[in-house]
Amino acid sequence: QLLESGGGFVQPGGSLRLSCKASRSVSDSDSMAWYRQPPGKERELVASITPADLTNYADSVKGRFAISRDDAENTVFLQMNSLQPEDTAVYYCNQKGIGWSGPYDYWGQGTQVTVSV
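Residues numbered from 1 in each chain as written. Predicted model: local features only at pLDDT ≥ 70, side-chain atom pairs only at ≥ 80, totals over all residues. Heavy atoms only, no water.

Undergrad: How do you make sense of unusual backbone geometry when you look at a structure like this?
TA: Excluding glycine, most residues fall at negative phi; most peptide bonds, likewise, are trans. Of note in this structure, D53 is not a glycine but carries a positive phi near 65 degrees. Judged by relative accessible area, which is 49%, D53 ranks as partly exposed. (Buried < 20%, exposed > 50% of the residue type's maximum accessible area, 1.4 Å probe, protein only.)

Dropping the structure here:
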């Protein structure tokens, strides 16, 4: 349902752009979000966006990351700038909403982001 891409290895201060292609309409979903799970830690919310383009960011990424959405392509992006080693994690795309058969909560398979010298 969700296919992430764009992860990889980058040096501190570098940038990456993650993409999440959804098979279900992103504009009809209650929210699209990016989460991450650093090694040995719990999964945490990084950023989210609503159909009304309301965004929410974790304090640790404010001013560095930007979430956006292309409704025509059913794709959500996460632009990550000024990356630091503490941003190293598996990043997951999430889609939540209510459909004809009831509520849904989809997760992608995750994409690894490694920030290191």
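We are not done yet, so read on.
Undergrad: Could you clarify how one ought to interpret the pairing of strand 11 (residues 111-115) in this entry?
TA: Every regular strand shows the same layout, with side chains that alternate between the two sheet faces. Burial along strand 11 is one-sided: T111, V113 and V115 are buried, and none of Q112 and T114, which face the opposite way, are. With three bridges joining them, strand 2 (residues 8-10) and strand 11 adopt parallel strand pairing. Directly across from G8, in strand 11, lies its bridge partner V113. For strand 9 (residues 89-99) and strand 11, the ladder comprises three bridges, and the chain directions are antiparallel. Across the sheet, A89 pairs through a bridge with V113, a residue of strand 11. (Helix = DSSP H or I, 4+ residues; strand = E, 2+ residues; numbered from the N terminus. Pairing = 2+ DSSP bridges.)

Undergrad: What exactly am I supposed to notice about the packing of aromatic side chains here?
TA: Under the counting rule described, the total for this entry stands at two aromatic pairs. Seen in terms of ring centroids, Y104 and Y106 are 5.0 Å apart; in terms of plane orientation they differ by 20 degrees. Their pairing is stacked. With respect to burial, Y104 and Y106 carry one shared label: buried. The ring centre of Y104 lies 3.9 Å from the NZ or CZ of R24, which sits over that ring. (Phe/Tyr/Trp six-rings, centres within 6.5 Å; stacked < 30°, edge-to-face > 60°. Lys NZ or Arg CZ within 6 Å of the ring centre and 35° of its normal.)

Undergrad: In this structure, what is going on with the pattern of salt bridges? I would like to understand it.
TA: A side chain of one charge can pair with a side chain of the opposite charge if their charged atoms are brought near each other. Using the criterion set out here, one finds eight salt bridges in the structure. Residues R69 and D71 are paired through a salt bridge, measuring 2.5 Å at the closest nitrogen-oxygen approach. Of the residues examined, D71 reaches a relative accessible area of 33% and is grouped as partly exposed. One network of salt bridges, with partners in common, ties together R36, E44, R64 and D87. (Salt bridge = Lys/Arg side-chain N within 4 Å of Asp/Glu carboxyl O.)

Undergrad: Whenever I open this one, the environment of V46 confuses me. Can you help?
TA: Tracing the backbone shows V46 in strand 5 (residues 44-49). Beyond its immediate sequence surroundings of up to four residues, V46 is in contact with W34, Y35, R36, N56, Y57, A58, V61, F65, L78 and Y91. (Contact = heavy atoms within 4.5 Å.)

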